[in-house]
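Inside the fold
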Amino acid sequence: MSKHISRRNFIHNSAKTTIAVSLTGLMSGDILAGCTSAKVTGINKTMMGYDQTPLPYAYNALEPMIDALTMEIHYSKHASAYSKNAKDAAVAEGVDITKPIENVLATVSKYSTKMRNNAGGHYNHELFWRCMKKDGGGIPAGTLATAINQSFNSFDSFKTQFSDAGKNRFGSGWAWLYIDKDKQLKIGSTPNQDNPLMDISDLKGTPLLGLDVWEHAYYLKYQNKRADYINAWWNVVNWDFVQQRYAGI
Ligand SMILES: [Fe+2]
């Protein structure tokens, strides 16, 4: 009798575990891309499409760190144009836009400068919106926290190195926390709208956390004080999203 119960419980618990793992994977996948129109194989890989997805919060949600007007112009003008122009370039260059945009980024050297700038711009901004949230900030938890401490000695050290990557980017570009092919966490910066997914990039890997240091991201509120913008930005980082990305890759 007890054996039957044990076996039944085992099967029941195994089934629950399987469902939980599947759901976790799907959730991670959805959050991984943050948005998307195209799905590829594997429960952890929901990749990004070409359409701009809704901003996951109101324009004023990140105030006072990022003001509502900056968010509105950034999302509805700059990022919207990247999406439109990426689609236009894809159609003109024979790319199947039902396939993930990551496919183009991985082979972007084969395409036009318009594709490089706009496909990169679209991907980077879709990720950027989700790297932030109202009442964000603090410190990461879970496996990401452990990995950051192992890779950069401490969270404070990581924060300093990441901030420096953004501050020292000459002109326009991005600071990244990314994971390379050996599953190592790395910090770096790319110019313009490049990112570590691109075959032309000096950095190679999958972005986990991105910071836009183009002037359009901060100039209305911070003018030339990029460092002040970066210091404030840490207070809106969505560590849950970054952790879920890390766990899903
Ligand atoms: Fe931007």
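Cut-offs used in this document
Residues numbered from 1 in each chain as written. Predicted model: local features only at pLDDT ≥ 70, side-chain atom pairs only at ≥ 80, totals over all residues. Heavy atoms only, no water. pLDDT = per-residue confidence, 0-100. Contact = heavy atoms within 4.5 Å. Helix = DSSP H or I, 4+ residues; strand = E, 2+ residues; numbered from the N terminus. Buried < 20%, exposed > 50% of the residue type's maximum accessible area, 1.4 Å probe, protein only. Polar contact = N/O pair within 3.5 Å; in protein donor to acceptor, adjacent residues only side chain to side chain. Donors = N, O, S within 2.8 Å, 3.2 Å for Na, K, Ca; no water. Tetrahedral: all angles 85-135°; square planar, octahedral: opposite > 155°, others 65-115°. Pairing = 2+ DSSP bridges. Axes fitted to C-alpha atoms, helices over the stretch in contact; angles between N-to-C directions. Salt bridge = Lys/Arg side-chain N within 4 Å of Asp/Glu carboxyl O.

Let us look at the confidence of the model for the protein chain. Caution applies to low-pLDDT parts of the model: their predicted coordinates are not meant to be read in detail. Residues with a pLDDT of 70 or more make up 82% of the protein chain, whose mean pLDDT is 86. Within the model, the stretch residues 1-45 combines pLDDT values under 50 with 50 contacts to residues more than four positions away or in other chains.

The next subject is the side chain of S83. Here S83 is to be found in helix 2 (residues 68-92). On the accessibility criterion, S83 (4% relative accessible area) is buried. A polar atom in the side chain of S83 sits 2.7 Å from the backbone oxygen of Y50. Not counting residues up to four positions away in its chain, the partners in contact with S83 are Y50, D51, Q52 and H122.

Before going further, it helps to spend a moment on the environment of Q243. Inspection of the secondary structure assignment puts Q243 in helix 9 (residues 239-248). Counting along the chain gives 101 residues from Q243 to G142, while the straight-line C-alpha distance between them is 7.3 Å. Sequence-distant contacts of Q243, that is, excluding residues within four places in its chain, are made with A141, G142, T143 and L144.

This brings us to the coordination of the iron ion. Those protein atoms acting as donors to the iron ion are H74 (NE2), H125 (NE2), D212 (OD) and H216 (NE2), and they sit at 1.9 to 2.1 Å. With four donor atoms in place around the iron ion and angles of 91 to 135° between them, the coordination shape is tetrahedral. Sequence spacing among the residues donating to the iron ion works out to H-x50-H-x86-D-x3-H. Highlighted residues: H125 in helix 4 (residues 113-130) and D212 in strand 5 (residues 206-212), separated in sequence by 87 residues.

Backbone-to-backbone hydrogen bonds join strands into a sheet, with any given pair of strands oriented parallel or antiparallel. Here three strands make up an open sheet; going across it, the order is 4-3-5 and the pairing antiparallel. Whereas interior strands pair on both sides, the edge strands pair on one side only; in this sheet they are strand 4 (185-191) and strand 5. Averaged over all adjacent pairs, the angle separating strand axes in this sheet is 25°, with direction ignored. In the packing of helix 9 onto the sheet, contacts are made with strand 3 (173-179), strand 4 and strand 5, and the angle to strand 5 comes to roughly 155°.

This part takes up the pattern of salt bridges. Applying the stated criterion to the full structure yields eight salt bridges. Salt-bridge contacts for D88 lead to K84; the nearest nitrogen and oxygen are separated by 2.8 Å. Remark: K84 and D88 occur in helix 2; sequence separation between them is four residues, near one turn of the helix. Overall, D88 belongs to the partly exposed group, its relative accessible area being 32%. With a shortest N-O distance of 3.3 Å, D240 and K133 are connected by a salt bridge.

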